[in-house]
Amino acid sequence: MATFHVDYVEKDDPARKKKLASVILFMYPDFQSKTLYMYRFCFWKSSPCQANVLKPVITEHGVCYQFNSGDEGKRSDVEGSLYGLMISFMTKQEEYLVGSYIAGYTILLHNSKDHPNVVTQGFQVAPGGSANVAIKQKYVKNLPQPHGQCADKQLAYFPHYSKINCQAECLHNETIEKCGCRLVYYPEVPGLRECSPIDVNTCWGPLLTNVSQIMKNCACTEACETFYFEYSVTNGRVSDVSAQAAAVFLNTTQTYVEKNYLAVYLYYKEMSYEEVIQQEAYSTLTLLADIGGALGLILGSTLMTVAEILDFFLGLSIWKFFGVKL
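The residue count restarts for each chain, going from 1 along the sequence in the order it is written. In view of the model being predicted, local features appear only for residues whose pLDDT reaches at least 70, and side-chain atom pairs are presented and counted only at 80 or more, with totals across whole chains, interfaces and linings using the full set of residues. Each side-chain value is derived from all of the structure's non-hydrogen atoms; neither hydrogens nor water enter the calculation.

Engineer: Explain the nonpolar core to me, please; I cannot follow it from the model alone.
Structural biologist: One broad rule of soluble globular proteins: the nonpolar side chains tend to lie buried together. Within the largest apolar cluster, 23 residues are counted, with the highest numbers of intra-cluster contacts made by L109 and V125. Elements represented by at least two residues in this core include exactly β4 (39–44), β7 (62–67), β9 (85–90), β10 (105–107), β11 (123–125), β12 (129–141) and β14 (261–277). Numbering of helices and strands starts at the N terminus; helices are DSSP runs of H or I of at least 4 residues and strands are runs of E of at least 2. Ranked by the residues each element gives to this core, the list is headed by β14, at 4 residues. Ignoring any residue separated from it by four or fewer positions in sequence, one finds V125 in contact with A103, G104, Y105, I107, A131, V233, L262 and V264. Each nonpolar core is a collection of buried residues, namely Ala, Val, Leu, Ile, Met, Phe, Trp, Tyr and Cys, held together in the definition by side-chain atoms within 4.5 Å. Throughout, exposure labels follow a simple rule: accessible area from a 1.4 Å probe, protein chains only, divided by the maximum for the residue type, with under 20% read as buried, over 50% as exposed, and the rest as partly exposed. In what follows, a contact means two residues having at least one pair of non-hydrogen atoms within 4.5 Å.

See the structure below:
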């Protein structure tokens, strides 16, 4: 399976260049050659990727491999599949374990500062051709109370606040409290051991049955400013000519290539982003304007009229009590 992380664009970036997804690929390693034998080719902006471009990272889905975690700073400055990431695989379904019901890879698009929640937010692509993933950024600015529910809380284990990080920290704290250990894909805690398989089966497993209540108690709200990544996936079947050529190159059969080959293209479909900003539906200024408009319509009065009435009663009061006319 594969996971793609997408870093976000800072608002003050003058070039508006977008960092491409940091790619995490869940693949089986070849322990003898110490390489990823399922990964065949990699191209970044139509040029071969550098060596060791994929870095292992542990997620809830297992060991994944990451491209552009954010430190490398790879950016896309032109839209289209030729100027993004292309990576191809040979799935090798004959080596799948019993119980593997779906062949292919899982892809996750998200901010590289967020905890990679592959299980709930990833989507799958199947072998047998190509998968074109066109990405578009969406910037969202939410309102805090009393008009909204957003918050930027201080988290203990994550430097960046987001709803995903808040939920991950919530489950992390619950695991520490109930099981006395930490899961390997959560941040390290000094002096705390990692959960063993026995801990996962006897303690963490039962906790998952009550995860909805745990999340409710955590009350994780949306961040006041965040980026999302919308995407669309189109698929194409590998041609007979390409399958025959690949079969000769890999010393296998055409049927095997058609069953196991997959090329993933990850790119921005346009060099712009959508901005969504929440605003008060009914502000204080709007309320005062409506009151003034209603008074003017119903009573035929304005603020000047109100001032004249107050001036009249003030002058009348001074004349009555002090005998002085203004």
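So much for the structure itself; the text now carries on.
Engineer: Explain the pairing of β7 here, please?
Structural biologist: Working note: regular strand, side chains alternate between the two faces of the sheet. Pairing between two strands is assigned when DSSP locates at least 2 bridges connecting them. For strand β6 (residues 55–59) and β7, the ladder comprises 5 bridges, and the chain directions are antiparallel. The residue bridging K55 from the neighbouring strand is Q66, located in β7. Connecting β6 to the next strand, β7, in antiparallel fashion are 2 residues.

Engineer: How do you make sense of unusual backbone geometry when you look at a structure like this?
Structural biologist: Apart from glycine, the bulk of residues carry a negative phi angle, and the bulk of peptide bonds sit in the trans form. The residue after Q145, namely P146, is reached through a cis peptide bond having omega 10°. Phi angles above zero are rare outside glycine, and K92 is one such case at about 55°. The topology assignment puts K92 in the loop between β9 and β10. Even without being glycine, A219 reaches a positive phi, approximately 55°. With respect to the helices, strands and loops of the structure, A219 is situated in the loop between α4 (211–218) and β13 (225–237). Taking the relative accessible area as the measure of exposure, A219 reaches 43% and is therefore partly exposed.

The analysis is restricted to geometry; functional conclusions fall outside its scope.
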